[in-house]
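# Coordinate inspection notes
The residues making up each chain are set out below.
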Amino acid sequence: MTAARREQSWPWWPLLPLYPYGRRRTLVRELIPDQLWGFEQLQGVFYVAVPIRMTVVRLRAGLLLYAPVAPTGEVRSALRELEERFGPVTTIVLPTASGLEHKLPVPPMARAFPSAQVWVTPGQWSFPLRLPLSWLGFPTERTRVLGEDGWPHPGELLWESLGPLDLGVGRFQELACLHRASGALLVTDALVAIGAEPPELFAADPTPLLFHARERGDEPLLDGPEQRRRGWRRLVLFASYLRPEPLAVPPLAEVLGQALRPGLRSPRSYFGLYPFRWRAGWQAAFEALLEAGRPRLQIAPVLERLVFPRARQPLLTWLRRLASLEGVRWLVPAHYEAPIPCSPEQLATLADQIETRPWAPREGNWAYLAGIDDRLLQLGVVPEQPLS
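Report follows, based on the coordinates. Just so we're clear, the structure is a prediction, and the values are computed from it rather than from any experiment.

### Describing the environment of Thr-55
Structurally, Thr-55 can be placed in strand S3 (residues 48-59). The class for Thr-55 is buried, based on a relative accessible area of 1%. Sequence-wise, Thr-55 and Pro-220 are 165 residues apart; in three dimensions their C-alpha atoms are separated by 37 Å. Dropping the residues within four chain positions of it, Thr-55 is found in contact with Leu-36, Trp-37, Leu-64, Leu-65, Tyr-66, Leu-186 and Val-332.

Spelled out as structure tokens, the structure:
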């Protein structure tokens, strides 16, 4: 194993087997000079990979880690460099009750920084067995519950809770955090802003983009700016709607007939297996997620239809509380673009739009998500009334 691979190794990937599995490259970006940094990795299924971000916040006492990513050697080395400049990692925050991709890295991150206090969102749960946090690797003597045990760094940070909502198998809740000094509002999954161009994180390995840029399984993976752009936009549609309306699944005979062609007989191309066919209109579906070609603040579509379809009011309450916070200048989500210019007025406008537009649609790109929600309701997996 090369030194780079060793530094990017993530041995716990079998617990949540998402691409890129055991090798996690990390892009470190300074989001706000000398105050906030983003540590970005990829995660996904079948090359539907989007960025996941840990935000590092500089505080008077040292550094806070919001929504940790896999603590590879590369991540730990970069954090040590920040510690040399700005003080030790003192606080690790898990700001969601349900996001396994955010939860799994916390125990190993806590072991990497044994002096840091760990704060978790209330209502943590595991499936299929309900296990105590100590059994999941959280250090008992250093773990606190946000709200129930107070709040970390209350003079420098403000916290606002979305939820709790009853998901049936467990709770949905996430904690937004306003860093007063920078005006950055940190959020986890509910709010996103999607860019028109592929994130810089794909520069090291554009394979997911090139895989989905094709029209057929027997096409080679060709690289170029247009291929990367087309692949990114299709990845976003997958991640937003799971099966957007312009996506068709070709017959199995066609999929198998295009597999194992020369040049495609490798795991990188899934041996030519490509069970997708994009119809006319997919570009317009992507453009609808932007505003005049630029990122726009929005509720993540997959959450709107699967988590919030019967919980618009708690979401509106949360947004209006965020809009009441003084000093908000930036939004830093755990996915997609960051930082995004943001103001209380923009948050209030988003709440107004959500209150007046059709909520959790059932047609078009939303139809597949609506079908999943209907089925979960029929099976009794999710409740009709999610408010707990």
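### A short note on the nonpolar core
Core analysis: the biggest nonpolar cluster contains 68 residues, and Leu-185, Leu-191, Phe-308, Leu-315, Trp-318, Leu-319 and Leu-347 have the highest contact counts within it. In this structure Leu-319 touches Leu-191, Ile-299, Leu-347, Leu-350, Ala-351 and Ile-354, once residues within four positions along its chain are discounted. With 26 residues, the next largest nonpolar core counts Phe-86, Leu-94, Phe-113 and Ala-116 among its residues.

### Overview of the sheet that holds strand S15 (residues 330-332)
In spatial order, the strands read S8-S9-S10-S15-S16; together these five strands make up an open sheet with mixed pairing. Of all strands in the sheet, those with a lone pairing partner are strand S8 (157-166) and strand S16 (340-341), marking the two edges. Judged from the two bridges that link them, S15 and S16 form a sheet pairing that is antiparallel. Bridged to Trp-330 within S16 is Pro-341. Sitting on the sheet, helix H10 (residues 312-323) touches S8, strand S9 (171-179) and strand S10 (184-186), and the angle it makes with S8 is about 175 degrees.

### Describing the packing of H10 against helix H11 (residues 344-356)
Geometry of a packed helix pair, given as the angle between the helix axes and the separation of the axes. Following both chains from N to C, one finds H10 and H11 inclined at 160 degrees, their axes separated by 8 Å at the closest point. The angle between H10 and H11 places the two elements in the roughly antiparallel class. Considering how the two elements wind past one another, H10 and H11 form a crossing that is left-handed. In contact with Arg-312, Leu-315, Leu-316, Leu-319, Arg-320, Leu-322 and Ala-323 of H10, H11 contributes Pro-344, Leu-347, Ala-348, Leu-350, Ala-351, Asp-352, Ile-354 and Glu-355.

### Brief notes about the packing of aromatic side chains
Scanning all chains against the criterion turns up 17 aromatic pairs. A centroid spacing of 5.4 Å and a plane angle of 90 degrees characterise the contact between Phe-46 and Phe-211, whose relative ring orientation is edge-to-face. Taken together, the residues span a long stretch of sequence, with Phe-46 in the loop between strand S2 (36-45) and S3 and Phe-211 in helix H5 (residues 207-212) at a distance of 165 residues. Grouping aromatic residues by their ring pairs yields a cluster made of Trp-13, Tyr-19, Tyr-21, Phe-46, Tyr-47, Phe-211, Phe-238, Tyr-274, Phe-276, Trp-278 and Trp-282.

### Quick notes on helix H6 (residues 225-241)
For H6, built from 17 residues, the straight-helix expectation of 24 Å at 1.5 Å per residue is met to within 8% by its first-to-last C-alpha distance of 25 Å. Of the positions making up H6, those classed as buried are Gly-231, Trp-232, Arg-233, Arg-234, Leu-235, Val-236, Leu-237, Phe-238, Ser-240 and Tyr-241.

### Quick look at the sheet that holds strand S6 (residues 117-120)
Strand pairing in a sheet relies on backbone hydrogen bonds, with the paired strands running either antiparallel or parallel. What the seven strands build is an open sheet, ordered S1-S2-S3-S4-S5-S6-S7; its pairing is mixed. Two strands in the sheet have a free side with no partner beyond their single neighbour: strand S1 (27-32) and strand S7 (143-145). Across this sheet, the average inter-strand angle for adjacent strands is 25 degrees, counted without regard to direction. Helix-sheet contacts for helix H2 (residues 73-86) involve S1, S2, S3, strand S4 (62-66) and strand S5 (89-94), and the interaxial angle to S2 is about 170 degrees.

### Quick notes on helix H12 (residues 367-379)
Between the first and last C-alpha of H12 there are 18 Å, a value that for 13 residues agrees with the 18 Å anticipated at 1.5 Å per step. Within H12 the residues assigned to the buried category are Leu-369, Ala-370 and Asp-373. In an axial view of H12, the angular spread of the buried residues amounts to 100 degrees, which keeps them on one side of the axis. H12 presents Gln-378 and Leu-379 as exposed residues on the side facing more than 90 degrees away from its buried surface. One or two residues past the end of H12 sits Gly-380, with phi positive at roughly 75 degrees.

### What about the pattern of salt bridges?
One pass over the full model with this rule turns up 22 salt bridges. Taking the shortest distance from any N to any O, the salt bridge between Glu-83 and Arg-80 comes out at 3.2 Å. Note that Glu-83 and Arg-80 are positioned in helix H2 at a spacing of three residues, about one turn of the helix. Since its relative accessible area comes to 36%, Arg-80 is described here as partly exposed.

### Remarks on unusual backbone geometry
With omega at 5 degrees, the peptide bond leading from Tyr-19 into Pro-20 counts as cis. Mapped onto the fold, Pro-20 is located in the loop between helix H1 (3-7) and S1. Even without a glycine there, the phi angle at Tyr-47 is positive, about 65 degrees. Within the secondary structure, Tyr-47 is located in the loop between S2 and S3. By relative accessible area, which is 6% here, Tyr-47 ends up buried.

So, how was this worked out
- Residues numbered from 1 in each chain as written.
- Predicted model: local features only at pLDDT ≥ 70, side-chain atom pairs only at ≥ 80, totals over all residues.
- Heavy atoms only, no water.
- Helix = DSSP H or I, 4+ residues; strand = E, 2+ residues; numbered from the N terminus.
- Buried < 20%, exposed > 50% of the residue type's maximum accessible area, 1.4 Å probe, protein only.
- Contact = heavy atoms within 4.5 Å.
- Core = buried A, V, L, I, M, F, W, Y, C linked by side-chain atoms within 4.5 Å.
- Pairing = 2+ DSSP bridges.
- Axes fitted to C-alpha atoms, helices over the stretch in contact; angles between N-to-C directions.
- Parallel < 35°, antiparallel > 145°, perpendicular 65-115°, else oblique.
- Left-handed = near helix turned anticlockwise from the far one by under 90°.
- Phe/Tyr/Trp six-rings, centres within 6.5 Å; stacked < 30°, edge-to-face > 60°.
- Expected span 1.5 Å × (residues − 1).
- Arc of directions from axis to C-beta.
- Salt bridge = Lys/Arg side-chain N within 4 Å of Asp/Glu carboxyl O.

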